[in-house]
Amino acid sequence: MTTDQAPSPALDALRQRIDTIDAELHRLLMERVRVIDGIVAAKRASGADGVMFRPDREADMMRRMVERHAGTLPLTSVEHIWREIITACTRLQGDFRVFIDGSADVADMRDLARFYFGFSVEMDCPGDASDVVGTVAASHSDLGLVALTERSEIPWWRGLGLEGAQIIARLPFLVAHERPADLDGLVISRPVPNAGEPDTRVFDARWTGLLPGSLMNTGIEVLSFFRTADGVDALLAASGEMSEADVLALCAAAGAEPDVIRPVGGYASPIDIETDSDGDEDFDTGAD
Ligand SMILES: O=C(O)C(=O)C[C@]1(C(=O)O)C=C[C@@H](O)C=C1
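Position labels on residues start from 1 in each chain and follow its written sequence. Predicted model: local features are reported for residues with pLDDT of at least 70 only, side-chain atom pairs are reported and counted for 80 or more only, and whole-chain, interface and lining totals are derived from all residues. Values reported for side chains reflect all heavy atoms of the structure, with hydrogen atoms and water molecules removed beforehand.

Under an unreviewed UniProt entry, the name given to the protein is chorismate mutase, and the source organism is Pannonibacter tanglangensis.

Here it is, written out as structure tokens:
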């Protein structure tokens, strides 16, 4: 049966070309999975266990994908297809679940989890962001997804630490004004074996007094903050090149003097796909 009233030889030829491309894509996917078998063996030989995600490697791959992309296929569609593939390839290395933050909008949170971790990953909602952190810390290789809000109802990041659950990625990775699955979120995991240096480091910082507006002018980003009775608990992001002492000094210069500052993870810098280095808008995100 054909869906076109008057199929033309030209249309037939184009469909044959599509069939050839689809068969080749499928063949390459199966070949990719055979390579993953080798990656599993290499990771085992190097003693890596637990979390199989390698966020720095994923970020590198995605950056190259953005650079080589051309044509009318929305970049976020390529991203989504690739996310499905990479999650399937990760699950072949060891099963994991994604624990989602129940304090965020459920539909937005599920969209975000599905977009980045695929349709077959098992999801669970243990409670709010603090419960996600605690559940991930107690797990072997599960991931957590926490929504990022400017002002937080709870200082959920207090449960993070470099030995337990920590921040490993920031979402969305491809930034555009309008895009699918656009909830701001952080991916939480137990330590990633042999992880490289992140572009951005994240700190739990606490001080007495107000949140100085000038803190943002120092190059430090306040990812989220919680007001305590006499001060502020903040989740701060700073360039990966800055040391803890640098961050402390910048905070002090802005008028906040943290009595606690702890590294709680880091992430690869998201890519703005609407503005390239020349300031041109040249990527189609699929937004209306
Ligand atoms: O390169 C790896 O370490 C892999 O596990 C492979 C792979 C992939 O499918 O490309 C899968 C998961 C990681 O997060 C990064 C990449």
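Chemist: Sorry if this is basic, but what is going on with a negative patch on the surface here?
Modeler: A patch consists of residues exposed above 30% relative accessible area that lack any salt bridge, with like charges linked at up to 9 Å and nonpolar side chains (Val, Leu, Ile, Met, Phe, Trp, Tyr) linked at up to 5 Å. For the accessible areas, the method is Shrake-Rupley and the probe is 1.4 Å, while residue cover comes only from the protein chains on display. Salt bridges, as used here, are contacts in which a Lys or Arg side-chain nitrogen is within 4 Å of a carboxyl oxygen on Asp or Glu. Positive charge is attributed to Lys and Arg, negative charge to Asp and Glu, and no charge count is given to His or to the chain ends. A single reference atom marks each charge: NZ on Lys, CZ on Arg, CG on Asp, CD on Glu. On the surface, D105, D108, D111, E178, D182 and D184 cluster together into a patch of negative charge. Only DSSP runs of H or I with at least four residues qualify as helices, and only runs of E with at least two residues qualify as strands; both kinds are numbered from the N terminus onward. Among the secondary structure elements, D111 is positioned in helix α4 (residues 106-117).

Chemist: So what exactly am I meant to see when it comes to the pattern of salt bridges here?
Modeler: Summed over the entire model, instances satisfying the criterion amount to 14 salt bridges. Taking the shortest distance from any N to any O, the salt bridge between D124 and R97 comes out at 3.8 Å. One end of the pair, D124, is in strand β2 (residues 122-127); the other, R97, is in strand β1 (residues 97-101), with 27 residues separating them in the sequence. When the shortest N-O distance is used, the salt bridge between D204 and R262 registers 2.8 Å. One end of the pair, D204, is in strand β7 (residues 200-208); the other, R262, is in strand β10 (residues 260-267), and 58 residues separate them in sequence. Residue burial is assigned from relative accessible area. The probe radius is 1.4 Å, only protein chains are included, and a residue is buried under 20% of its type maximum, exposed over 50%, and partly exposed in between. Residue D204 is classed as buried on the basis of its relative accessible area of 0%. Members of the salt-bridge network, linked through shared partners, are E24, R27 and E31.

Chemist: Sorry, what's going on with the site of the ligand here?
Modeler: In the region of the ligand, 14 residues are neighbours, and R32, K43, R54, E58 and Q93 sit closest. R32 is positioned such that a nitrogen or oxygen atom in its side chain is 2.7 Å from an oxygen atom of the ligand. Under the rule applied, a polar contact is a pair of N or O atoms within 3.5 Å (in protein, one hydrogen donor and one hydrogen acceptor; residues adjacent in sequence only if both atoms are side-chain atoms). K43 is positioned such that a nitrogen or oxygen atom in its side chain is 2.7 Å from an oxygen atom of the ligand. Calculation on the ligand without its partners gives an accessible area of 360 Å², and the protein chains cover 93% of this total. Looking at the shell around the ligand, the elements with two or more residues in it are α1 (9-45), α2 (55-68) and α3 (75-91). Of the residues assigned to the shell around the ligand, the class counts are 7 nonpolar, 2 polar and 5 charged. For this description, a residue counts as near a given molecule or strand if any of its non-hydrogen atoms is within 4 Å of it. Any residue outside Ala, Val, Leu, Ile, Met, Phe, Trp, Tyr, Cys, Pro, Asp, Glu, Lys and Arg is labelled polar, Gly included; the first ten of those are nonpolar and the last four are charged.

Chemist: Would you mind going over the packing of α1 against α3 with me for this structure?
Modeler: Each pair of packed helices gets described by two things: the angle between the helix axes and the distance between those axes. Running from N to C, α1 and α3 cross one another at 35°; their axes reach a closest spacing of 10 Å. Pair α1 / α3 crosses with right-handed handedness. Only W82, I85 and C89 of α3 make contact with α1, whose side of the interface consists of L29, R32, V33 and I36. Across the contact of α1 with α3, the residue classes tally to 6 nonpolar, no polar and 1 charged. Angles run from 0 to 180 degrees between N-to-C directions of axes, and those axes are lines fitted to C-alpha atoms, restricted for helices to the stretch in contact. Handedness of a crossing follows from how the near helix is turned relative to the far one, being left-handed for an anticlockwise turn of less than a right angle and right-handed for a clockwise one. Contacts were defined at the residue level, with two residues in contact if any of their heavy atoms lie within 4.5 Å.

Chemist: Just to check I follow, could you spell out unusual backbone geometry for this structure?
Modeler: The bulk of non-glycine residues show a negative phi, and the bulk of peptide bonds are trans. Here the residue pair L171 and P172 is connected by a cis peptide bond, since its omega of -5° sits within 30 degrees of zero. Considering the arrangement of structural elements, one finds P172 in the loop between β4 (166-171) and β5 (174-175). You will see that N194, though not glycine, has its phi angle at about 50°, which is positive. Residue classification places N194 among the exposed residues on the basis of a relative accessible area of 65%.

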